[in-house]
Amino acid sequence: MIYFDNSATTMPYDEVLDSFMKVSKDYFGNPSSLHGIGAMAEKLLTQARQQVAQLLEVYENEIYFTSGGTEGNNLAIKGVAFAHQNRGKHIIISSIEHASVKQTCEQLAELGFEITILPVNKDGRVEVSSVEEAIKEETILVSVMHVNNETGAIQPIEEIGSLLKNHSKILFHVDFVQGVGKVDLNIKKCGIDLCTISAHKFHGLKGNGILFIREGVKMFPLFTGGSQERKLRSGTENVAGAVSTAKALRMIFQKKKHDMKNLLEVSRFLKEELMKIPGVVVNTPEENCAPHIVNFSVPGVKSEVLVHALEEKGIYVSTTSACSSKKKSISSTVFAMTGREDLAESTIRMSLSYQNTLEEAQTVIKELIAALKRLKEVMKS
Ligand SMILES: Cc1ncc(COP(=O)(O)O)c(C=O)c1O
């Protein structure tokens with residue numbers, strides 16, 4: 001098996017699974033319980049929060065454990081929208097945000113919020129000037145992702161952060177889900193107020209995530225009840241999930257230090273070889289892109305068909321579209337970048353981890369060329 005779909009999800013590290021098992025079994029207490037078993041669980045949760053805060057270079061009381069990226073994005077955006085609506089109801093996002101941002105904003109629009117959706121340039125990047133132009137008196141939030149999940153294009157977060165420093169009342173949310181452990185992001189330096197992270201994208205477990213909320217940001221809780229997570233997210237804490245998330249975060253930061261060279265070599269090889277294949281268009285921009293995502297299109301060959309042709313050879317890639325199987329699957333990001341439907345409906349995303357090798361990349365290119373040849377012959381006949 002060659003797994004090149006790490007932006008969809010990653011295989012959990014053994015150490016992460018071990019820590020989840022150990023905590024679930026040996027420290028199963030409820031952190032809110034007054035007795036010693038509860039206290040042990042609470043201690044582990046506190047330690048996990050401290051470790052995460054240290055790794056992200058933020059304060060411990062700015063870390064909230066969630067169930068992942070979707071919840072983090074919903075909580076960040078709705079939490080700000082509902083808490084700050086008396087000041088204004090205008091929110092700015094980009095046209096290439098993940099569905100958990102886009103659809104959250106669609107829901108808010110139904111509730112009377114005004115949403116500005118910024119275009120991207122041909123490299124799939126938001127222009128800082130377009131953020132500036134969209135700002136109004138009523139703007140309460142700007143939400144722009146860090147690394148695009150389809151093309152890998154890195155967004156100008158630091159520049160948007162600097163711009164927003166001149167607008168002290170506007171909060172800045174960043175969906176950091178695809179960048180963690182692959183592309184650095186200095187939360188404090190970039191002036192970020194809220195930042196979403198999901199554990200299963202860096203070899204942690206599904207259903208676990210982190211939301212950074214800058215100290216002092218007023219939020220409206222979406223879950224009420226037992227007042228856990230400083231009243232922002234009620235519900236008995238997933239201690240094993242938090243501990244294993246801290247472990248995965250520490251491990252991916254270490255891998256980044258040691259294995260980045262290999263990852264860059266593999267992705268550079270893929271991009272160079274793809275560009276040589278007639279009929280293939282590489283959508284991932286040449287500069288300012290994450291090292292683990294390579295996106296291309298083969299106009300005339302539907303993405304699903306190519307995904308299945310590669311799967312027959314034990315190669316796992318994705319169409320980039322997470323939309324329902326009943327919907328026509330076209331890449332909204334590639335369409336937003338190029339305006340071309342033929343590219344958007346034939347998009348393939350290869351997404352790597354530090355485990356992938358150059359040999360695997362060579363096999364993938366060889367099998368891709370063979371699959372395209374077969375498909376073209378079938379289409380001709
Ligand atoms: C950029 C981005 N944001 C958010 C999410 C949602 O994360 P989760 O699967 O943890 O809900 C994803 C998942 O694909 C993503 O790529």
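Scroll up to find the structure.
Residues numbered from 1 in each chain as written. Predicted model: local features only at pLDDT ≥ 70, side-chain atom pairs only at ≥ 80, totals over all residues. Heavy atoms only, no water.

Draft legend 1. Local environment of the overall build of the chain. When you go through the chain residue by residue, the secondary structure sums to 11 helices and 12 strands. The C-alpha radius of gyration computed for the chain amounts to 21 Å, which stays within 12% of the reference 21 Å derived for 381 residues, consistent with globular compactness. The principal-axis extents of the C-alpha atoms in the chain amount to approximately 70 × 50 × 40 Å. Counting only residues that meet the buried cut, the chain has 56% of its 381 residues in that class. (Helix = DSSP H or I, 4+ residues; strand = E, 2+ residues; numbered from the N terminus. Rg over C-alpha atoms; globule rule 2.2 N^0.38 Å. Buried < 20%, exposed > 50% of the residue type's maximum accessible area, 1.4 Å probe, protein only.)

Draft legend 2. Focus on the environment of Pro 119. Position of Pro 119 relative to the elements: it lies in the loop between β4 (114-118) and α5 (128-134). Placed 217 residues apart in sequence, Pro 119 and Ala 336 show a C-alpha to C-alpha distance of 7.0 Å. Not counting residues up to four positions away in its chain, the partners in contact with Pro 119 are Ser 95 and Val 126. (Contact = heavy atoms within 4.5 Å.)

Draft legend 3. Here's a closer look at the sheet that holds strand β12 (residues 347-351). With respect to topology, three strands assemble into an open sheet ordered β9-β10-β12, the strand pairing being antiparallel. Here the strands that pair on one side only, and so sit at the sheet edges, are β9 (281-282) and β12. Alignment of strand β10 (residues 293-297) against β12, held across five bridges, turns out to be antiparallel. Considered in β12, the bridge of Asn 295 is made with Arg 349. Docked against the sheet, helix α7 (residues 239-276) engages β9, β10 and β12, running at close to 10° with respect to β10. (Pairing = 2+ DSSP bridges. Axes fitted to C-alpha atoms, helices over the stretch in contact; angles between N-to-C directions.)

Draft legend 4. Inspection of a nonpolar patch on the surface at higher detail. Together, Met 1, Met 11 and Tyr 316 make up a nonpolar patch on the protein surface, roughly 350 Å² of accessible area in all. You can see Tyr 316 is positioned in strand β11 (residues 315-316). Tyr 316 sits in the partly exposed class, given a relative accessible area of 30%. (Patch = residues over 30% accessible without salt bridge, like charges linked within 9 Å, V, L, I, M, F, W, Y side chains within 5 Å. Areas by Shrake-Rupley, 256 points an atom, 1.4 Å probe, with all protein chains shown as cover. Salt bridge = Lys/Arg side-chain N within 4 Å of Asp/Glu carboxyl O.)

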